[in-house]
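# Examination of the molecular architecture
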Amino acid sequence: MSGIDRDGAALLPSPTVVEGRRVPLPREPGTLRAFWRRLRARRSAVVGLVIVVGLVLMAVFAAWIAPYDPTETDWGAVRAAPSLAHPFGGDEVGRDVLARIVYGARASLGAGLVSVALAVSLGLPLGLVAGYAGGWVDGAIMRLTDALLAIPFLILAIALAAFLGPSLTNAMVAIGLSATSTFVRLTRAQVQALAAEEFVEAARSVGNPPWRIALVHILPNIVPAILVQATLTIAAAIIAEASLSFLGLGQQPPEPSWGAMLNVAKNFLDQAPWMAIWPGLSIFLAVLGFNLFGDGLRDALDPRGRT
Amino acid sequence: MLQFLARRLALAVPTLILASMIIFALQQLLPGDTATALSGEERDPEVIAFIRDKYHLDRPLPVRYGYWAAGVLGGDLGESIRLQKSVSELVAEKLPVTLELACLAMLVALAIGVPMGILSAVRRGTWADTLANGVALWGLSIPNFWLGILMILLFSVQLGWLPASGYVPPSESLWENLKAMAMPAFVLGNAISAVMMRHTRAAMLGVLGSDYVRTARAKGVSPLRLVLRHALPNAAIPIITLGALEFGQLLSGAVLTEQIFSVPGFGKLMVDAVFNRDFATVQGVVICTAATYVGLNLAADVLAAAVNPKLRRA
Amino acid sequence: MRASDEPIISVRNLSKHYPLRSWWGGKGSVFRAVENVSFDIRPGETLGLVGESGSGKSTIGRAVTMLNPPTEGSVAFEGTNLSMLSAKAMRAKRARIQTVFQDPYAALNPRMSVGDYVSEAFKLHRPDMSRAERREAVAGLFERVGLEPRFAGRFPHQFSGGQRQRVCIARAIALKPSFIVADEPIAALDVSIQAQVVNLLQDLQAELGLSYLFISHDLRMVRYLCHRVAVLWRGRIVELAESDALYDDPRHPYTRRLLGAVPVPVPAVERARLAAESAAPASAIAEGGDLVEVAPGHWVATPPEDRP
Amino acid sequence: MAAEMGGAPLLEVRDLAVAFDTDGGAVHAVNGVSYALREGETLGIVGESGSGKSVHVLAMLGLIPRPPGRITGGQVLFQGRDLLSLPEKALRRVRGGEIGFVFQDPMSSLNPGMTVAAQIIEPLRIHLGLDRRAARARARELLDLVRIPNAAGRLDQYPHEFSGGQRQRVMIAVGIACRPKILIADEATTALDVTVQAEIVALVQDLKREIGMAIIWITHDLGVVAGISDTVQVMYAGRILERGPVDDIFADPRSAYTLGLLRSLPDLTRGRAGRGRLRQIEGAPPDMRVPPPGDPFAPRNAYATARCRSEMPPLVQAKGAAPGHLVAAWYDLPEILSDEAERAR
């Protein structure tokens, strides 16, 4: 690190460089407006945001949007093909598929948001402590997350759901706990990377106490990475909830859930394929939306990342 | 190299011990009397007494864990009350099926993901890159049980090419076995391939932007050699280590895939056990999954170390 | 001895060792980054610490300020032994000891406005100051280091390297410290900016009576800026003298080699120097030896058998 | 620009311009650079970061990433052929064969996954068509040539088993493997310690005598340039501000920027007595997304005239200077300096 001229180093080797140190680029971490501009410049991110916002609105205003009560059965609509009265068709006991899709958004999004909120609120502090304190505290926390990671996500969620008993709430808890180690590790890695940065040492040199370094100097710098990971984990959590419900371990009938709808639908594939198409498509769209938005968020927050 | 492996092994042991504690502790989540809950559907007092004795439920928790862990180490994963079989036997029966599925799926994932990742990195910013990223996004976003249903709809219901369910052991007929495994393996591999593609792309972009690749270009190395000889071997290390983390995804996904295609593997065993409230089996399957996962990761570490000259020589 | 000759900082037998982990993660041998280093710095004096990469010069800078405390040895600052202070007392002491870091791109928090960054020093050490007072003080500091006060609301990425280093210096002098460790403060800057920063450091010294520990590998700048110079080699001081004495009459073979390797921006001279230089890797220099005073204030590491 | 000092130039750069596309608009890294290099000449290019000194040589051999890099104009004639319009395949034959490279950071510029032998052998097989055996024997000779002790024993080692200075020696062996016509050293000693730098510079001087190649030595260190160059070229903000024979540039600089750089350097041999403040250059290099309209150095130049701020001066023979000493300036530096001296008196 001796007086290295950054010309060659900065302008050339990789796509990251152009944003490198010398060429002043509009990396404006301080201003929300600049971030919003960069986000809007990414078409896929905007598409993702529109999908996400659309689904959230659908879940919130389900009662106004759904044409029927999602649990109301109509013997005339049993496995009915899509029609004007039932645009998405009817299910095995004659409930309106469209209404169930609209209400099902509540289970999916709710599970995604609640479980990730749980995972972040557990994982972020643990990761901060592990990364900043180091030593045996770090060792203990890391071994614990290693152990949790050794049990694959869905397997752990299934096991938890099995022992806690199947319900949407328990599924959310299970998913949240399984996702926690991701956030512990991410936070810890970020904290460690930042702690090695000179500005953290500079903060110490002026007499900052440890808590202030962690909260004022480190935390704001890892928020973007956590946000991105949270968005992408919501996508994974939606799939996980749908998976558990598909296995019968999540939302219990007759309450609507996309995963549970698919579970029933697979028994009627040859007679009523629409029962399988709509819920699957909904899950796909929701997950796609969060993935697109998360990728866009990452690019907009850190222009040095992927292109 | 040996030192590196020894260190990895030394880390794996406490991980597994802690994981087993977590799995054991799951029992405590059961509502009400543990023995009654563990007996599942059975209400026979004799069975309950047997369970109480078997799990030493009258002893304090750490002691119980000790007995249980000793049993697990000796290959005793407990008894499936429901199936009247030892869990070890059940696992031994089902594990090969799941491993076959997982290996085939990993092959699918590698065969799709790695070349696609290389291509998109080398042709960054072109339509090929956009297309590969689109495919990866699709793979990440489509729930694999839905993909499975759609494939059954197309290949079994509509076209009748492949069986919708069932499993034929390879010892009986390799061809039938592969036919039955084709859809499950593809469905399972699909999501992983997307992740592999992203890892490969990121690793390749990193390497392609490195100073030594510029050196190679300055030597007049051809693009093909640049990718295959200079970039790929160095990108392989992160691809292997990150790819190994996907074994978890693979084992998770296997549960669903087996459920959809009625493949009699591990996942099916577990889900059935959950519904039968056959908790010993659930625990047994989870601990075996964890062990498999840790084992596979260790294997990947060995592979990564073999590729890395800094470790090979050390 | 006059009061002003009393050293402001006095480093004795300072060592910094890092444990080398053995393969199973346990303790093995140690890496001796710095070994048995002693020096004083007087009020208003600049001591230069020169050496090549890996010589341990930055380690010393961080050990002296207790950012990375020494394994052995003592650091006495204004009469207080810093290694004996509690974490809290040390934090309070930091108002008097400041550091200017090498890389002004990395030393600023990217998500904190430069005004907040400088003002943080007051927040931590001057709880009596009101927000308006702090703002005023920051504006004054900005002006002092040659930045427009209206830039206080901006973020680091909006500044050039030289301007960032000025921000760092503004924060370092905010609490009117008596001693500043300048750890390669110009190494990351462009040639045309280096002189600006060195001049600023020198002006501030005259104005505030600061003492500096100036860590650098730029031998030209060290001679220009420093009153005395210590040459560091493999974690030990091999020569320590008044800067003119050291440059005009280097005694240790390593110092000679180091000074002889500096290119001279005069073509005829530099060509002659190059012609004498060998392209083969240089031969080894004997290590070790205690510092011996060979002339008043001129200390050289000499193995016992070579001593007069 | 015409070839200087007789003889057809080996390399001729004409009006080269390079830009990088970024989120914040195009960065104009190189803005019309023209010069010629004779056979066997050592050209020292001096400049700070963002001056375009590295970018322009990388660009002419197709070594900048595209996108975001873009060559926006110019020609580069190497032995009569325009490198910029050469198909990639033909350009590959030039790179590493006729033009060798040594990069800045020896830690990252060698492939960590290949043995040193494999990396030296590569250009020999590609450009000279040597078989494996002959190439290996030649690689051994090259390691000897760059003064790596026990060359035979080190061929099959990996880069991480070499020290920084040794790695740079290996890089040089790669660069000269095919006895190139030109060796381009891009900040080749910047990352090295000063004692190692001295060895490497001396080594390159020796090799030059042996092989007779031309050298383009890119650096920000005026001292290194003084010793090895025949010609010195000073770049700033993507342009050449001054260029000429080395002794003349140092003794009689005509660009205010060159003068400023020389003046701001403290003298290693001068005592502390009576020294004043360093004569600093004010301001900072320009933002290359919006380069200043005229002479890019004008905003920092106390001697700049109104014309400097609006119109880029051409690079022309400096009045009363040695032949081949070119400067881009509307002002007349010697005149200003003598006025200054007069006023001081």
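Just so we're clear, the structure is a prediction, and the values are computed from it rather than from any experiment.

### Some points on the overall build of chain A
Counting its secondary structure elements, chain A contains 12 helices and 0 strands. The order of α-helices and β-strands along chain A, N terminus first, is α-α-α-α-α-α-α-α-α-α-α-α. By residue count, 59% of the 307 residues in chain A fall in the buried class. For chain A, the share of sequence-separated contacts (at least 6 apart) that also reach a separation of at least 24 residues comes to 69%.

### Thoughts on the environment of Met183(B)
Structurally, Met183(B) can be placed in helix α8 (residues 174-208). A C-alpha to C-alpha distance of 9.5 Å links Met183(B) and Ser165(B), two positions 18 residues apart in sequence.

### Side note on the sheet that holds strand β8 (residues 211-216) of chain C
All names here are of chain C. Taking strand neighbours across the sheet as the criterion, the 8 strands line up as β6-β7-β8-β3-β9-β10-β12-β11 in an open arrangement whose pairing is mixed. Either end of the sheet is taken by a strand with one partner, and the two such strands are β6 (97-100) and β11 (290-295). Within the sheet, the average angular offset between the axes of one strand and its neighbour, ignoring direction, is 20°. Both β6 and strand β7 (residues 179-183) contribute to a ladder of 4 bridges, which runs parallel. Bridge pairing in β7 places Gln98 opposite Ile180. Packing of helix α1 (residues 57-64) onto the sheet brings it into contact with β3 (46-50), β7, β8 and β9 (228-233), and relative to β8 it is tilted by some 150°.

### Concerning the confidence of the model for chain A
Residue and element names in this part refer to chain A. Of all residues in chain A, 88% have pLDDT values of 70 or greater, and the mean over the chain is 79. Within chain A, the lowest mean pLDDT, 27, falls on helix α1 (residues 6-11), and the highest, 91, falls on helix α9 (residues 198-205). Below a pLDDT of 50 lies the segment residues 1-29, which in the model reaches 100 contacts outside its immediate sequence neighbourhood of four places, other chains included. Within the model, pLDDT remains below 50 along residues 303-307, and this stretch shows 13 contacts once partners closer than five positions in the same chain are excluded.

### A few points about the pattern of salt bridges
All names here are of chain D. Applying the stated rule across the entire model yields 49 salt bridges over all chains. With a closest N to O distance of 3.0 Å, Arg136 and Asp156 form a salt bridge. You can see Arg136 sitting in helix α4 (residues 132-145) and its partner Asp156 sitting in the loop between α5 (151-154) and α6 (164-176), a full 20 residues away along the chain. Exposure remark for Arg136: the relative accessible area of 32% places this residue in the partly exposed category.

### A closer look at the sheet that holds strand β10 (residues 239-245) of chain D
All names here are of chain D. Pairing within the open sheet is mixed, and its 8 strands lie in the order β6-β7-β8-β3-β9-β10-β12-β11. Two strands lie at the open edges of the sheet, namely β6 (99-102) and β11 (316-317), each paired on one side alone. As judged from the 4 bridges shared by β6 and strand β7 (residues 182-186), these two strands associate in the parallel manner. Bridge pairing in β7 places Gly100 opposite Leu183. Along the sheet, α6 makes contact with β6 and β7, crossing β6 at roughly 170°.

### Some words on the interface of chain C and chain D
At the interface, 44 residues of chain C touch 49 residues of chain D. Across the interface of chain C and chain D, roughly 3800 Å² is buried in total on both sides, 58% from carbon and sulfur atoms. If you look at where chain C meets chain D, you find 3 salt bridges. Close ionic contact of Arg271(C) with Asp247(D) constitutes a salt bridge, the shortest N to O distance being 2.9 Å. On inspection of chain C and its partner chain D, the count reaches 15 residue pairs in polar contact (both at pLDDT 80 or more). Ranked by residues supplied to the side of chain C that touches chain D, first place goes to helix α6 (residues 191-208) of chain C with 9 residues. Class assignment of the residues belonging to the side of chain C that touches chain D gives a composition of 25 nonpolar, 9 polar and 10 charged.

### Topic: the UniProt feature "transmembrane region" (unreviewed entry) in chain A
All names here are of chain A. UniProt records the feature "transmembrane region" (unreviewed entry) at residues 45-66, 113-135, 147-165, 171-187, 218-240 and 276-294, using the numbering of this structure. Secondary structure within residues 113-135 divides into 96% helix and 0% strand; the distance between the first and last C-alpha atoms comes to 33 Å. Between the end C-alpha atoms of residues 276-294 the distance is 27 Å, and the span holds 100% helix and 0% strand.

### Focus on the interface of chain C and chain A
Of the residues lining the interface, 33 residues belong to chain C; the matching set on chain A comes to 31 residues. For the chain C and chain A pair, buried surface summed over both sides reaches about 2900 Å², with 50% attributable to carbon and sulfur atoms. Contact with chain A buries area across many residues of chain C, yet Tyr105(C), Arg111(C) and His157(C) alone supply 21% of it, more than any other trio. Between Glu120(C) and Arg212(A) there is a salt bridge, and its shortest N-O distance comes to 2.8 Å. Only β6, α3 (114-125) and α5 (161-173) of chain C provide two or more residues apiece to the side of chain C that touches chain A. The element contributing the most residues to the side of chain C that touches chain A is α3(C), with 6 residues.

Reading the values: the criteria
- Residues numbered from 1 in each chain as written.
- Chains lettered and ligands numbered in written order.
- Predicted model: local features only at pLDDT ≥ 70, side-chain atom pairs only at ≥ 80, totals over all residues.
- Heavy atoms only, no water.
- Helix = DSSP H or I, 4+ residues; strand = E, 2+ residues; numbered from the N terminus.
- Buried < 20%, exposed > 50% of the residue type's maximum accessible area, 1.4 Å probe, protein only.
- Contact = heavy atoms within 4.5 Å.
- Pairing = 2+ DSSP bridges.
- Axes fitted to C-alpha atoms, helices over the stretch in contact; angles between N-to-C directions.
- pLDDT = per-residue confidence, 0-100.
- Salt bridge = Lys/Arg side-chain N within 4 Å of Asp/Glu carboxyl O.
- Buried area = accessible area lost by both parts, 1.4 Å probe.
- Polar contact = N/O pair within 3.5 Å; in protein donor to acceptor, adjacent residues only side chain to side chain.
- Nonpolar A, V, L, I, M, F, W, Y, C, P; charged D, E, K, R; others polar.
- UniProt positions renumbered as here; feature names shortened; annotations may be inferred.

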